[in-house]
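Coordinate analysis (summary)
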Amino acid sequence: MVNVRTALKNGIAQLREANVPSFTLAAELLLLQVLSRNRTWLYAHPEEIITDAEAHRFFGLIARRAAGEPTQHLTGKQEFWGLEFEVTPDVLIPRPETEHVIEVALDRLALRERRAGRPQKSAGEGLQIADIGTGSGCIAIALAKELPAANFVATDISPAALALAKRNAQRHAVADHIDFREANLLSPVGAQHAAPLLGAISTEAQSRFHESQVTSNQPPTYDSPLATRHSPLSFDLIASNPPYIGRREAPSLPREVRDHEPASALFGGEEGYELYADLISQSAQHLKPGGILVLELGHNSLPAVQPLLDAKDWTNVGVTNDLAGIPRILAAERL
Ligand SMILES: C[S@@+](CC[C@H](N)C(=O)[O-])C[C@H]1O[C@@H](n2cnc3c(N)ncnc32)[C@H](O)[C@@H]1O
């Protein structure tokens, strides 16, 4: 027989012994998961006896966490932008610094509206937005919650990630607004190549898309592939948090990351910044004039990536630091 206080104390001690970062929080989250309770309950009921089955499950999770599995893989969730996302080993666990992608994207869109003399706070009517390398779907879904009238395309090279992102979109009731597509950056792969871009989203969203294309004097694009050189499809905003860690940095990564998160979500190449050149040149082809590009950067990517935004194609280039003072977001406007 063990009560809440003792279970938690023992769990914390085991995680501290195993050098787990944030060991107290991790033990709390695992106990909350097992008991299906919230934190307030946990600290208001230290004497509550937990069942043997609950204790067995809790110490099983503690052992797995001590062996390096991320807490989020054990609880199956992570909060991002105030929303709860399902996470599995198929996707990158959403990170707090990626919330700067959302902030910068929304700020830049509002600025664009202000310059055009329109209300800054819109629901995103007529906007076409792409999230490249969507993973759990966190960027597209957070933006879709903020801009419920916009249409989204979210790509990933991993079908397993796309399946999870779709579940997260359903969970947050934005699946009708996001077309999840298997693609290499903005280029469809395999059987998806011939699929219509808007085939997966609602008829209502398709007609909104159609109207916006007609009002912008572009031909309708129902049967256009996602991103071919000659596709008339174009976006108002492209956001991406691509893989950006260098393979040579792998040995110095925390074991939780190196051994448990997908390599395809972590590594951009030997140096880390290799994907940005293609991402930026494809974005240049697929942004409308005045369209916005928002990229998350690795901790040392800026010097290699910023020069790729040449003055021929891009203007209003800006860098935003994260809370640790690292240049984390690079944003620019297509000329
Ligand atoms: C760093 S994770 C970002 C996931 C999510 N957007 C986030 O911010 O948490 C990068 C994602 O890009 C995907 N990816 C890697 N290479 C890609 C490529 N060439 N084209 C499209 N997606 C790619 C990975 O599968 C992974 O889901």
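Basis of the calculations
Residues numbered from 1 in each chain as written. Predicted model: local features only at pLDDT ≥ 70, side-chain atom pairs only at ≥ 80, totals over all residues. Heavy atoms only, no water. Core = buried A, V, L, I, M, F, W, Y, C linked by side-chain atoms within 4.5 Å. Buried < 20%, exposed > 50% of the residue type's maximum accessible area, 1.4 Å probe, protein only. Helix = DSSP H or I, 4+ residues; strand = E, 2+ residues; numbered from the N terminus. Contact = heavy atoms within 4.5 Å. Near = heavy atom within 4 Å. Polar contact = N/O pair within 3.5 Å; in protein donor to acceptor, adjacent residues only side chain to side chain. Areas by Shrake-Rupley, 256 points an atom, 1.4 Å probe, with all protein chains shown as cover. Nonpolar A, V, L, I, M, F, W, Y, C, P; charged D, E, K, R; others polar. Pairing = 2+ DSSP bridges. Right-handed = clockwise from strand over helix to strand, strands pointing away. Axes fitted to C-alpha atoms, helices over the stretch in contact; angles between N-to-C directions. Salt bridge = Lys/Arg side-chain N within 4 Å of Asp/Glu carboxyl O. Expected span 1.5 Å × (residues − 1). Arc of directions from axis to C-beta.

1. Let's talk about the nonpolar core
In terms of nonpolar packing, the biggest core is built from 34 residues, with Ile129, Leu143, Ile178, Leu237 and Val294 touching the most fellow members. For this core, the element with the most residues is helix H7 (residues 138-146), which contributes seven residues. In this view, Ile129 contacts Leu143, Leu147, Ala150, Asn151, Phe152, Val153, Phe235 and Leu237; residues no more than four positions away in its chain are not counted. Counting residues in each nonpolar core, the second largest holds 28 residues, with Ile132, Ile280, Leu302 and Ala332 among its members.

2. Observations regarding the site of the ligand
Around the ligand there are 19 residues in total, and Gly133, Asp156, Asn184, Leu185 and Asn241 lie nearest to it. Here Gly135 contributes a backbone N or O atom positioned 3.5 Å from an oxygen atom of the ligand. Here the ligand has 590 Å² of accessible area as a free molecule, and 95% of this is covered by the chains. Residue assignment for the shell around the ligand shows that the elements contributing at least two residues are H7, strand S7 (178-184) and helix H11 (263-266). Per-class residue counts for the shell around the ligand are 10 nonpolar, eight polar and one charged.

3. Here's the deal with the pairing of strand S5 (residues 128-132)
With five of five residues buried, S5 is to be regarded as a mostly interior element. Where S5 meets strand S6 (residues 151-156), five bridges bridge the pair, whose relative direction is parallel. The partner of Gln128 across the bridge, within S6, is Asn151. Handedness of the S5-H7-S6 crossover: right-handed. With four bridges joining them, S5 and strand S9 (residues 235-240) adopt parallel strand pairing. Directly across from Ile132, in S9, lies its bridge partner Ser240.

4. Describing the sheet that holds S6
The pairing of strands in a sheet happens through backbone hydrogen bonds and is either parallel or antiparallel. Strand order in the open sheet formed by eight strands is S8-S7-S6-S5-S9-S12-S14-S13, and the pairing between neighbours is mixed. Each having just a single partner strand, strand S8 (187-188) and strand S13 (314-321) make up the two edges of the open sheet. Note that strand S12 (residues 287-296) and strand S14 (residues 327-334) share five bridges and pair antiparallel. Paired with Leu295 across the bridge in S14 is Leu330. Along the sheet, H7 contacts S5, S6, S7 and S9; its crossing angle with S6, the most-contacted strand, is approximately 170°. Sheet strands in contact with helix H12 (residues 276-286) are S5, S7, S8, S9, S12, S13 and S14, and its direction is about 155° off that of S12.

5. Thoughts on the pattern of salt bridges
A pair can form between side chains of opposite charge whenever their charged atoms are brought close. For the structure shown, the criterion picks out 18 salt bridges. The shortest N-O distance in the salt bridge between Lys312 and Asp313 comes to 3.3 Å. Within the structure, one salt-bridge network assembled from shared partners comprises Arg65, Arg255 and Glu256.

6. A word on helix H4 (residues 52-66)
Taking 1.5 Å of rise per residue, the 15 residues of H4 would be expected to cover 21 Å, and the 21 Å separating its terminal C-alpha atoms lies within 8% of that figure. Every buried residue of H4 is listed here: Ala55, Phe58, Leu61, Ile62, Arg65 and Ala66. On an axial view of H4, the arc spanned by its buried residues comes to 140°, and they lie on one face. Set apart from the buried face of H4 by more than 90 degrees, the exposed residues are Asp52 and His56. Against the buried residues of H4 lie strand S1 (2-3), helix H1 (4-17), helix H2 (23-35), strand S2 (49-50), helix H5 (71-75) and helix H10 (255-258). Downstream of H4 by one or two residues, Gly68 has phi in the positive range, about 115°.

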